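# Report on the structure
Listed below, chain by chain, are the residues.
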Amino acid sequence: MAVLAVPVPEAGAPPQDLGIDAAHLSVAGFTGKRSQTFVLAGDDGRALVALGIGDPATVDLDTVRDLAGDLARAVPQHRTIAVELPQEGTALPPAAFAQAVVEGVLLARWRFFVGKGDGEALLDSLTLVAPTDVLAEATEGAKRGEVIAEAAAISRDLANCPGTTLTATRLGEVAQELAADADLQVTVYDEQQLIEMGCGGILGVNLGSVEEPRLIKLVYAPKDPTGHLALVGKGIMYDSGGISLKPSDDSHAQMKNDMTGAGAILGTMTALKALGCRAAVTAYLCCTDNMPSGSAMKLGDVLTIRNGLTVEVLNTDAEGRLVMADGLSLAVEDGADVIVDIATLTGAALRAFGVEMAAVMGNDQAVVDGLITAGAAAGEPLWQLPLHQPYRSQLDSTIADLKNMGGVNAGSITAGLFLQEFVAGTPWAHVDIAGPAWQPKQRSWRNEGASGFGAMLLTEYALGFGIAR
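## Observations regarding the overall build of the protein chain
Helix and strand counts for the protein chain come out as 14 helices and 18 strands. Here the protein chain has a C-alpha radius of gyration of 23 Å; the compact-globule value for 469 residues is 23 Å, and the two agree. Dimensions of the protein chain, computed from the C-alpha atoms along their principal axes, are close to 75 × 50 × 40 Å. The proportion of buried residues among the 469 residues of the protein chain is 55%.

Encoded structure:
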């Protein structure tokens with residue numbers, strides 16, 4: 001069965017395709033108010049869905065993406081979906097409208113399932129119907145939306161994989177499998193190489209695990225790049241807390257997603273070639289389990305990070321910043337113009353912002369602003385926290401250069417201040433996705449469970465990197 005969705009504004013005549021006028025729609029209780037739907041039977045056997053968009057002048061990317069997601073979920077029995085683009089009236093260009101429709105529908109129909117129903121198709125085809133004069137623009141936007149949705153789906157797939165399935169070693173293999181089509185150079189560093197490289201943060205966190213760690217480096221190198229962007233991702237494949245063992249609660253049960261930062265970056269990297277990204281992008285995925293055992297990292301241990309700084313470990317569950325420190329140090333050595341890191345880093349960010357937005361902070365306001373703008377366009381919003389330097393004293397150690405925990409308050413900010421120690425003044429921003437990385441329920445195109453948050457915003461940011469706007 002097929003369904004055709006027809007956008008209907010709150011004021012004015014509905015499109016002729018519906019075969020029904022505003023008066024009859026009003027009798028049925030449909031006024032075109034945003035998110036309203038009304039299903040009619042078409043003459044050709046299709047279901048026609050009048051989709052209220054409200055005031056066309058206020059329609060933005062979030063509106064279209066959300067409505068498209070709502071539509072896809074409202075007709076779950078339909079695997080063939082068509083959506084008309086409005087003839088006129090919206091402020092969005094046809095390409096942007098088409099992109100948001102594709103993202104919303106594809107991500108709403110995304111599914112991760114292990115069991116008898118895992119082969120079930122949720123969507124056979126998605127067709128956009130556009131006026132002839134904007135067909136080329138709409139087609140380009142639809143293609144872009146498909147690539148970005150695929151990047152987000154990769155991030156979701158990885159974040160939802162159980163820790164026994166997706167180890168650090170396996171993630172390195174996945175990166176190599178995805179690299180060929182994406183024109184990426186991939187280097188996977190094993191445990192012995194990490195020892196030789198002096199990556200004490202990753203190695204220290206890995207001490208309690210039977211699984212080897214991996215540092216996965218991906219390079220996207222277009223001709224005549226507009227700049228060099230480095231992305232550093234936390235890849236804790238499963239986080240038990242280590243010796244500082246987490247309680248056996250719902251939060252602990254979600255810890256397969258503690259590698260969402262690394263997964264989001266890998267999804268982003270697969271999209272750059274197809275979208276014509278003009279910036280050079282180097283990614284560092286810092287991957288290991290954090291497990292308790294007789295060999296595990298202990299409280300009071302001192303680790304030496306790649307850049308030579310020493311860190312006293314006062315909480316083994318503050319492990320993400322330790323592995324990221326090695327990745328940040330390598331990004332500095334590679335001469336990146338800007339470094340962005342992304343991590344499910346602190347419960348404090350979840351407490352501050354909940355599950356609908358992430359925290360961002362950094363040493364360069366232009367980088368922070370660029371990420372906030374990218375997140376707004378991608379439907380993955382960020383809110384800035386101050387990188388308040390007086391709190392740096394909370395990280396002072398009596399026996400090492402710094403310790404891995406601050407005080408009981410401002411935990412997200414002190415974590416950011418810790419990471420800042422390893423960027424050597426390079427323009428940098430830190431994105432803490434501990435909140436939106438896990439969704440308690442589905443919302444429009446957003447899935448329940450591990451969300452893969454970050455791939456869409458990082459893709460948007462990378463595409464505009466180094467380009468004057």
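What follows picks up the thread again.
## Quick look at the sheet that holds strand β16 (residues 428–432)
Strand pairing in a sheet relies on backbone hydrogen bonds. The paired strands run either parallel or antiparallel. Within the open sheet, the eight strands sit side by side as β6-β7-β9-β8-β12-β16-β13-β14. Their pairing is mixed. Across the chains shown, the open sheet's two edge strands, defined by having one partner strand only, are β6 (185–189) and β14 (382–384). For this sheet the average axis-to-axis angle between neighbouring strands, irrespective of direction, equals 20°. With five bridges connecting them, strand β12 (residues 338–343) and β16 associate as parallel partners. Bridge assignment links Ala343 to a residue of β16, and that residue is Asp432. Sheet strands touched by helix α5 (residues 168–182): β6, β7 (214–220), β8 (228–239) and β9 (280–290). Its angle to β7, the strand with the most contacts, is close to 10°. Helix α9 (residues 260–271) rests against β7, β8, β9 and β12 of the sheet, and its axis sits at about 135° to β8.

## Quick word on the packing of helix α12 (residues 365–378) against helix α14 (residues 455–464)
As a packed pair, α12 and α14 sit with axes 8 Å apart at the nearest point and diverge in direction by 120°. The orientation of α12 with respect to α14, classified from their angle, is oblique. Handedness of the crossing formed by α12 with α14: right-handed. Of α14, the residues touching α12 (which contributes Val367, Gly370, Leu371, Ala374, Gly375, Ala377 and Ala378) are Met456, Leu457, Glu460 and Tyr461. Here the contact of α12 with α14 is built from residues that sort into eight nonpolar, two polar and one charged.

## Side note on the packing of helix α4 (residues 135–160) against α14
Where α4 meets α14, the closest approach of the two axes is 8 Å, and the angle between their N-to-C directions is 130°. The pairing of α4 with α14 is recorded here as oblique in orientation. In this structure, α4 meets α14 at a crossing whose hand is right-handed. In this structure, α4 uses Arg144, Ile148, Ala151, Ala152 and Ser155 to contact α14, whose residues at the interface are Ala455, Met456, Thr459, Glu460 and Leu463. Taken together, the residues that form the contact of α4 with α14 break down as six nonpolar, two polar and two charged.

## Some thoughts on the pairing of strand β13 (residues 358–362)
Most of β13 sits inside the fold, with five of its five residues counted as buried. Alignment of β13 against β14, held across three bridges, turns out to be parallel. Bridge pairing in β14 links Val360 to Gln384. In this region the chain leaves β13, passes through α12 and returns to the parallel neighbour β14; the handedness of that crossover is right-handed. Alignment of β13 against β16, held across four bridges, turns out to be antiparallel.

## Looking at the pattern of salt bridges
Tallied over the full model, the rule gives 17 salt bridges. With a shortest N-O distance of 2.9 Å, Arg65 and Glu103 are connected by a salt bridge. In this pair, Arg65 sits in helix α2 (residues 61–74) while Glu103 sits in helix α3 (residues 94–108), placing the two residues 38 residues apart along the sequence. Across the pair, Glu103 and Arg65 agree in class, each one buried. Taking the shortest distance from any N to any O, the salt bridge between Lys217 and Asp334 comes out at 2.9 Å. Separated by 117 residues along the polypeptide, Lys217 in strand β7 and Asp334 in the loop between α10 (320–333) and β12 bring together distant segments of the chain. Exposure remark for Lys217: the relative accessible area of 19% places this residue in the buried category. Each of Asp62, Arg65 and Glu103 takes part in a single network of salt bridges with overlapping partners.

## Quick word on the pairing of β9
Most of β9 sits out of view: eleven of its eleven residues are buried. Burial along β9 is two-sided: Ala280, Thr282, Tyr284, Cys286, Thr288 and Asn290 and Val281, Ala283, Leu285, Cys287 and Asp289, pointing in opposite directions, are all buried. As defined by bridge partners, β7 adjoins β9 across seven bridges and the pair is classed as antiparallel. Opposite Tyr220, over in β9, you have Val281 as the bridge partner. Pairing of β8 with β9, which is carried by ten bridges, proceeds in the parallel orientation. Residue pairing for β9: Lys234 is matched across the bridge by Cys286.

## Some words on the sheet that holds strand β11 (residues 310–312)
If you walk across this open sheet you meet the three strands as β10-β11-β15, and the pairing is mixed. Both edges of this open sheet fall to β10 (302–304) and β15 (402–403), since each of them pairs with a single strand only.

## Concerning the nonpolar core
In terms of nonpolar packing, the biggest core is built from 93 residues, with Met269, Val340 and Leu371 touching the most fellow members. Here Met269 is in contact with Ala182, Leu184, Leu218, Val219, Tyr220, Leu231, Val281 and Ala283, once residues within four sequence places are set aside.

## A word on α5
Relative to the 21 Å expected for 15 residues at 1.5 Å per residue, α5 spans 21 Å between its end C-alpha atoms, a close match to the ideal helical length. Where α5 is concerned, the buried positions are Ala168, Leu171, Gly172, Val174, Ala175, Ala179 and Ala182. Considered in projection along α5, the buried side chains sweep an arc of 160° and stay on one side of the axis. Away from its buried face by more than 90 degrees, α5 exposes Glu177, Ala180 and Asp181.

Criteria and cut-off values
Here, residues in each chain are numbered from 1, in the same order as that chain's written sequence. It should be noted that, the model being predicted, local features are given only for residues of pLDDT at least 70 and side-chain atom pairs only at 80 or more, the latter also being counted only at that level, while totals for whole chains, interfaces and linings use all residues. Where side-chain values are given, they derive from all heavy atoms of the structure, hydrogens and water being excluded. The way it works is that DSSP assigns letters per residue, a run of H or I at least four long becomes a helix, a run of E at least two long becomes a strand, and they are numbered from the N terminus. For the radius of gyration, the atoms used are the C-alpha atoms, and the globule rule reads 2.2 Å times the number of residues raised to 0.38. Relative accessibility thresholds used throughout: buried, under 20% of the residue-type maximum; exposed, over 50%; partly exposed, between the two (1.4 Å probe, protein chains only). Any two strands are treated as partners once DSSP identifies two or more bridges connecting them. Whenever a helix is involved, its axis is fitted only over the stretch in contact; in every case the axis is a line through C-alpha atoms, and angles between N-to-C directions fall within 0 to 180 degrees. Whether two residues are in contact is decided by their heavy atoms: any pair within 4.5 Å suffices. Roughly parallel covers angles under 35 degrees, roughly antiparallel covers those over 145, roughly perpendicular covers 65 to 115, and oblique covers all other angles. Note on convention: near helix rotated counterclockwise from far helix by under a right angle means a left-handed crossing. Clockwise means right-handed. Any residue that is not Ala, Val, Leu, Ile, Met, Phe, Trp, Tyr, Cys, Pro, Asp, Glu, Lys or Arg is counted as polar, Gly included; the first ten are nonpolar and the last four charged. The crossover handedness rule: strands pointing away from the viewer, path from first strand over the helix to second strand clockwise, crossover right-handed. What counts as a salt bridge is simple: a side-chain nitrogen of Lys or Arg found within 4 Å of a carboxyl oxygen of Asp or Glu. Among the buried residues, those of types Ala, Val, Leu, Ile, Met, Phe, Trp, Tyr and Cys that are joined through side-chain atoms within 4.5 Å form a nonpolar core. Under the convention used throughout, the expected extent of a helix is 1.5 Å for every residue step, that is, one less than its residue count. Each C-beta atom gives one direction from the helix axis, and the arc is the one those directions make.

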